[in-house]
Structures are given as structure tokens and as C-alpha cells.
Amino acid sequence: MAVILLRTILVYCMVIAAMRLMGKRQLGELQPSELVSTILLSNLASISIESPELPLMASALPVLLIVCFEILLSALCVRSRRAARLISGQPVVIIRDGHIDQAALRSLRFTMDDVLEALRAKDIFDPAEVTCAMVETNGSVSIYRAWEQDTPTRQDLGLKPDSDAQKPQMPFVIDGEIMEDNLIWCGKNPDWLKGILAQNRLGLSDTLLLAGDDTEQYTLVRKDSRT
Amino acid sequence: MARAKIAAWLLLGILAATLVSSWIVRRAFNTTEQQMLEVVQLCEQGRCERAREKLDELTGKLQSREHMLALFIRRDLLGQIQLEVAGLRAYLDEEHIADLQCEAEHALAQLQTVRRLFFGML
């Protein structure tokens, strides 16, 4: 048992170190420790299924241990920025005021193609349009467009809202179940809901979706009768 | 932070389970080893009937502990140990002392192998 424990710790530390060493290019959307946990968990979980002669503990214990590590590491990262930097790294700026930081690209082993691909994914075809671009710890690229190239907002254009709604449309009933938090957030109550259903001659169980905002507007979808 | 607390408790539980399992396995293996040697000694002293009783006692204990040990040790390895121990019965008479000693050595080696698998570090 102690061997399983020690081997799990060894493999976990080893894979995290390897992932950190490989850098951000190897990561998708997950943080390094999350990716390591995912890889190990998927393999460990299958051990006891594939090999019935092995005791269940041989895979259950390492899986539990990894889950513990993952939670404790993330808790540690929340408390300590230093630990977070050590475990997950930190974002790296690759474009500043339209200028590409080639040293940063080299250290990340990003090619120009990778940068252009990331920009194109955000509908930008010219790096000069970017004020700031950074590679996040999970490997994704965040971009802040130059002010003159950025899409204007409604506020910039001085547009007025076409409805009085201050809140987005939220579901109040989904498949006959009342979402009370949403009702309260939009300033409604169960009596209002009952009134709407009564107006439409519908019971709660006949309602597939009832959504609304903080105005009297709502969207109602009734359940199809099953034949 | 509730998750962190659960994880900490889980970690403590895992450590406790590890210690308990090590204690259970060590005790079971030590007893088996000791009783097997006693069986051989009894037979060498000419008390083969008593040796048979002792061996029956040992196989009974192994069978009753199998469920617990199978939580920590591969079932096929446990089965091999049981077979080795049960196989000693055929040599429990004064004519087959040398064979008994040889088979007992074999069973002890098997036990040592499983012990190394369980307690060995790398």
C-alpha cells in the first residue's frame, strides 16, 4: 500500500514537472496540474477494470490521492500567488503596442505562425491592430485590440436600449421546475408566475420553458403532448 | 475551502488506510511464515499428526484472511501462496522430511516475493 502511495506521489510530481518543462504549447485549456490529474485519473481509473486480479485499492487509492492533491494544490494557489506562479506559471505578453516580443516567443517556443493563427481566431489579421496580447497559463491567447481598431459599443454610439429591461432574459421554469433564484433576481414572485400560467391556461407540468426579465415581457414554450 | 477540508480529511484517511493495510499484511505474512516453520519443525521432531493439525489451522487462517488481504494484494498471488501452503500436506510424514523442507522453502520464497511486491519501494 505504501508503495502505491509513494509511486502515485512520484508519478504525479514527475508528470507535473514534465508538463511545466514542456511549457504552454503542450497545454490546451487546462492548467498544468489539472491536465496532469486528468491524464493520471483516466489511466488509473481503468486499471482495476482492466485487471480484476488487482485489488480495487490499487486504483482507488491513487485516484483519491490525486484528487486530494488537485484540491489542496488549487487551495494553495488561491492563498499564495507565489505557489500559483510555481505550479501554473504566469501569463506572458507576446505583443505590446503592435510590436511582437520575439524573445518572449522564443522562450515560449511559439512560431510566428502560431501567433498569427491565434490572432486570426480573434478576427485580427494584422498584429499592428493589437495593443496587448498575452499567452495565459492555460495556453490560450488573450488579445486587447488597439482602440481605433476595436468594435464600438452601444455606449460609444450613444444608442438607447429598445426596452426597459436591465437584466437578461432568465429561465423561470424549465421542464416544469421553478427556478426561484432567477424569479427573485428579476423582481418576480411565485404568484406572478402562477398568474402568467393561469393566463395561458397552463399547469406547471405542461410548461417546457418560461423565461423573462425584469419587465413584464416573457417567453413561454409549452410541452408537446406525447402521442 | 470546504473542498480543501474534505481533501485534507481524505488524505488523512488514505494515510490511515495505508498504515492499517501495512500492519494487516505484515501480521498475516509473519504469522504464516512462523506457522509454516513450526509445521516443518514438528514433522522433523516426528510429531507429524500435530504438524497436520497445525497446517490445517494455517490454511484455515489463510482462507479466512483472504477477503481482507485481497483488498491490498493481487488475488492470483494470494492464491499461489495458499496453494503452496496446502501442498505441504502431501509431505507431512517422516519419509518425506527432505521434500517437506524443500517445499516449505519454496512456499517461504513465494511469501517473500509477495512481501517484496507489497513493501518494496521501487
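Our structure's up above, just so we're on the same page.
Residues numbered from 1 in each chain as written. Chains lettered and ligands numbered in written order. Predicted model: local features only at pLDDT ≥ 70, side-chain atom pairs only at ≥ 80, totals over all residues.

**Q** Summarise the overall build of chain A; cite the residues concerned and give the values.
**A** When you go through chain A residue by residue, the secondary structure sums to nine helices and eight strands. The buried share of chain A, taken over its 227 residues, is 19%. Residue pairs at least 24 apart in sequence account for 50% of intrachain contacts in chain A once pairs closer than 6 positions are excluded. (Helix = DSSP H or I, 4+ residues; strand = E, 2+ residues; numbered from the N terminus. Buried ≥ 20, exposed ≤ 12 C-beta atoms within 10 Å, placed from the backbone. Contact = placed C-beta atoms within 7 Å.)

**Q** Explain the nonpolar core residue by residue, including any values.
**A** The biggest cluster of nonpolar side chains holds 38 residues, and the ones touching the most others in it are Met36, Val39, Cys43, Leu88, Leu92 and Leu100 of chain B. For this core, the secondary-structure elements that each account for two or more residues are helix H1 (2–22), helix H2 (32–50) and helix H3 (57–79) of chain A together with helix H1 (2–44), helix H2 (48–69), helix H3 (75–87) and helix H4 (97–119) of chain B. Filtering out sequence-adjacent residues up to four positions away, Leu92 of chain B remains in contact with Cys43, Cys48, Ala51, Arg52, Leu55 and Leu100 of chain B. Core analysis: the next-biggest nonpolar cluster, separate from the first, contains eight residues, Ile95, Phe110, Val115 and Val130 of chain A among them. (Core = buried A, V, L, I, M, F, W, Y, C linked by C-beta atoms within 7 Å.)

**Q** I'd like to hear about the interface of chain A and chain B, residue by residue, with values.
**A** Counting residues at the interface gives 16 residues for chain A and 21 residues for chain B. The set of elements that each furnish at least two residues to the side of chain A that touches chain B consists of H1 and H3 of chain A. With eight residues, the single largest contributor to the side of chain A that touches chain B is H3 of chain A. Split into classes, the residues belonging to the side of chain A that touches chain B amount to 15 nonpolar, no polar and one charged. (Nonpolar A, V, L, I, M, F, W, Y, C, P; charged D, E, K, R; others polar.)

**Q** Got a sec to walk through the sheet that holds strand S7 (residues 207–212) of chain A? Specific residues and values, please.
**A** Residue and element names in this part refer to chain A. The four strands are arranged S6-S5-S7-S8 in an open sheet whose pairing can be described as antiparallel. On the outer flanks of this sheet lie strand S6 (177–178) and strand S8 (218–222), each paired with one strand and no other. Note that strand S5 (residues 170–174) and S7 share four bridges and pair antiparallel. Along S7, the bridge assignment pairs Ile174 with Leu209. (Pairing = 2+ DSSP bridges.)

**Q** Account for the pairing of strand S4 (residues 141–145) of chain A, naming residues and giving values.
**A** All names here are of chain A. The pairing of strand S3 (residues 130–135) with S4 spans five bridges and is antiparallel. Note on S4: the bridge partner recorded for Cys132 is Tyr144. Counting the residues that bridge the hairpin from S3 to S4 gives five residues, and of these Gly139 lies at a positive phi of roughly 95 degrees.

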